[in-house]
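Below, each chain spelled out in residue letters.
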Amino acid sequence: MKKIVYLCKLFHEQNMIKTIIAGPCSVESRERLRQVTEALAAMPRVGLIRAGVWKPRTRPGGFEGLGEQALRWMRDLAAEFGVSYCCEVATPEHVVLCQRYGIDTVWVGARTSGNPFMVGELCQALHGSNMKVLVKNPTSPDVGLWIGAIERLRQAGVSDVSAVHRGFSTYHTLRASAGSQRVSYRNTPLWEVPMTLRREMPDVPLLCDPSHMAGRRDLVAPLVRMAAQFDYDGLMVEVHPDPDSALTDAPQQLTPLDFAAMLDGMAPLEASTVPAPQLEPLRRQIDEIDHEMLALLARRMEMSRQIAFIKRDLRMPVYQSGRWADVVADRLGQAAELGLDDDFTRALLEKIHAESMRVQLADKA
Ligand code: PEP
Ligand code: MN
């Protein structure tokens, strides 16, 4: 029997927060907010309009949002178009102002969600309110901090809490795959982190924010296609009436037309509810290969242990940079011949080497 699994379960209505959220990075003027609201109000799949009112800026001097003035426009336009807005809150005063202007969904940004003190202050302000809260992942890939922020909010009595995956900061811009391309994202997705959150908190709706991951508008749709391969409950996408002139995040925002085209182009995935029989022989081979790889890794670690004893007798340090450089160069050469990806091979070798060092140091102790 076949069932249709819609992309990201986008059309499921049972989630606490409607699942397609779209809107500008920031509220910049009444007219621009009205323009984008009019366009998004005409898209029935958009359940909530995002619009930043206080903007966290990495460096001083940029546009920091219009604050209360923007909330006033949001209240008026919500009534005029019959829509709901959400915005970012970082302080208890922000929460109080949102309540005053009828904003009942807010999000905790990536620079706040990783700070238990700030989350604690927000919890106090939200306690006893009926506000719905979206928690963006912290900028560092620390799933514990992300889970902790959600737990704190729930303990403060916020019952509608969702998570938003917006990617992670890295010092070097890591290359990751987007379909068949390898590209640099503004915030690396690290898909395994939200999937860990999903496993640990299966009842928390999980949304994907491809805009802040991408940093570039041409990468938003490919990221949405990638997200469809995982188990998301919805999307948060930045949409602006004239992205190039936007005061924040100009390169990554989509026009309403491009956004609508992206939604229309999202073909539903067809999924079989029973395992496809033609996959089985290949899956058996993968199982066998994994078992062989683990047995080989165990043998490799045993060699490391024996080497540790010899190094100790010779009073040699465990880390031998010349030897390691030779190993990496040799294995990367082999990987290239075998058609294995260079970044993947390097990451795998680093993992194995770190474990080998750990084993040797443990035996030294
Ligand atoms: C935003 O949504 O505009 C924003 C600042 O997001 P983040 O906290 O994910 O950087
Ligand atoms: Mn933004």
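Let us look at the site of ligand 1. Around ligand 1 sit 13 residues, and of these Arg 50, Lys 55, Ala 110, Lys 136 and Arg 166 come closest. A distance of 2.8 Å separates an oxygen atom of ligand 1 from a polar atom in the backbone of Ala 110. Between ligand 1 and Arg 111 there is a distance of 2.9 Å, counted from an oxygen atom to a side-chain nitrogen or oxygen. For ligand 1, whose unbound accessible area comes to 300 Å², protein coverage reaches 98%.

Packing of helix 6 (residues 143-155) against helix 7 (residues 192-200) leaves a shortest axis separation of 10 Å and a crossing angle of 45°. The angle between the axes of helix 6 and helix 7 places the two elements in the oblique class. When you trace helix 6 past helix 7, the crossing you get is right-handed. Along the contact surface, helix 6 presents Val 143, Trp 146, Ile 147 and Ile 150, while helix 7 presents Val 193, Pro 194, Thr 196, Leu 197 and Glu 200.

A few words now on the packing of aromatic side chains. Scanning the entire structure with this criterion turns up two aromatic pairs. A ring pair is formed by Trp 191 and Phe 230, whose centres lie 4.8 Å apart and whose planes are at 10°; its orientation type is stacked. Pair noted here: Trp 191 is in the loop between strand 9 (181-184) and helix 7 and Phe 230 is in the loop between helix 9 (220-227) and strand 11 (234-238), with a separation of 39 residues, a long-range link. Using a relative accessible area of 12% as the deciding quantity, one classes Trp 191 as buried. Ring geometry for Trp 191 versus Tyr 232: centroids 6.3 Å apart, planes at 75°, classification edge-to-face. With a gap of 41 residues between them, Trp 191 in the loop between strand 9 and helix 7 and Tyr 232 in the loop between helix 9 and strand 11 connect regions that are remote in the sequence. Comparing Trp 191 with Tyr 232, the two get one shared label, buried. Cluster of aromatic residues (ring-pair linked, three or more members): Trp 191, Phe 230 and Tyr 232.

All right, on to the nonpolar core then. Of all hydrophobic cores here, the largest spans 72 residues; its most connected members are Leu 33, Leu 40, Leu 71, Met 74, Cys 98, Ile 150 and Phe 259. Apart from residues lying up to four places away in sequence, Leu 33 is in contact with Pro 24, Val 27, Ala 51, Trp 73, Met 74, Leu 77 and Tyr 85. Counting residues in hydrophobic clusters, the runner-up holds eight residues, among them Cys 86, Trp 107, Val 164 and Met 236.

Positionally, Ala 261 belongs in helix 10 (residues 256-264). The class of Ala 261 is partly exposed, set by a relative accessible area of 46%. Residues Ala 261 and Ala 221, spaced 40 residues apart in sequence, show a C-alpha to C-alpha distance of 9.8 Å.

Right, let's get into the layout of surface pockets. Space inside the second largest pocket adds up to approximately 570 Å³. If you trace the second largest pocket, you find 15 residues lining it, with Met 293, Leu 297, Leu 348, Leu 349 and Ile 352 closest to the centre. Within the residue set of the lining of the second largest pocket, elements represented by two or more residues are helix 11 (280-314), helix 12 (321-338) and helix 13 (342-364). Across the lining of the second largest pocket, the residue classes tally to 11 nonpolar, two polar and two charged.

A few words now on the pairing of strand 4 (residues 85-89). Most of strand 4 is tucked away, with five of its five residues classed as buried. Of the pairings in the sheet, the one linking strand 3 (residues 48-50) to strand 4 comprises two bridges and is parallel in character. Residue Ile 49 lies in a different strand from strand 4, and its bridge partner there is Tyr 85. Handedness of the β-α-β unit built from strand 3, helix 2 (residues 68-81) and strand 4 comes out right-handed. As defined by bridge partners, strand 4 adjoins strand 5 (residues 105-108) across four bridges and the pair is classed as parallel. Looking at the pairing, Cys 86 lines up with Thr 105 of strand 5.

It is worth spelling out the coordination of the manganese ion (ligand 2) at this point. Coordination sphere of the manganese ion (ligand 2), protein contribution only: Cys 25 (SG), His 212 (NE2), Glu 238 (OE) and Asp 249 (OD), at 2.0 to 2.4 Å. On the primary sequence, the residues serving as donors to the manganese ion (ligand 2) are separated as C-x186-H-x25-E-x10-D. A residue pair is termed long-range when its members are at least 10 positions apart, and Cys 25 in the loop between strand 2 (20-23) and helix 1 (30-41) and Glu 238 in strand 11 qualify at 213 residues. The pair formed by Cys 25 and Glu 238 is uniform in burial state, with each residue classed as buried.

Ordered in space as 2-3-4-5-6-7-10-11, the eight strands form a closed barrel in which the pairing is parallel. Strand after strand, the sheet turns through a mean of 30° between neighbouring axes, direction not considered. Here strand 10 (residues 206-208) pairs with strand 11 via two bridges, running parallel. Considered in strand 11, the bridge of Leu 207 is made with Gly 234. With respect to the sheet, helix 7 is in contact with strand 7 (161-165) and strand 10, its orientation differing from that of strand 10 by roughly 165°.

Definitions and limits used
Residues numbered from 1 in each chain as written. Chains lettered and ligands numbered in written order. Predicted model: local features only at pLDDT ≥ 70, side-chain atom pairs only at ≥ 80, totals over all residues. Heavy atoms only, no water. Near = heavy atom within 4 Å. Polar contact = N/O pair within 3.5 Å; in protein donor to acceptor, adjacent residues only side chain to side chain. Areas by Shrake-Rupley, 256 points an atom, 1.4 Å probe, with all protein chains shown as cover. Axes fitted to C-alpha atoms, helices over the stretch in contact; angles between N-to-C directions. Helix = DSSP H or I, 4+ residues; strand = E, 2+ residues; numbered from the N terminus. Parallel < 35°, antiparallel > 145°, perpendicular 65-115°, else oblique. Left-handed = near helix turned anticlockwise from the far one by under 90°. Contact = heavy atoms within 4.5 Å. Phe/Tyr/Trp six-rings, centres within 6.5 Å; stacked < 30°, edge-to-face > 60°. Buried < 20%, exposed > 50% of the residue type's maximum accessible area, 1.4 Å probe, protein only. Core = buried A, V, L, I, M, F, W, Y, C linked by side-chain atoms within 4.5 Å. 1 Å grid on protein atoms, 1.4 Å probe; cavity = no way out; pocket = protein on both sides within 12 Å on 5 of 7 lines; lining within 4 Å. Points joined across faces, edges and corners; volume = space filled by probe spheres on them. Nonpolar A, V, L, I, M, F, W, Y, C, P; charged D, E, K, R; others polar. Pairing = 2+ DSSP bridges. Right-handed = clockwise from strand over helix to strand, strands pointing away. Donors = N, O, S within 2.8 Å, 3.2 Å for Na, K, Ca; no water.

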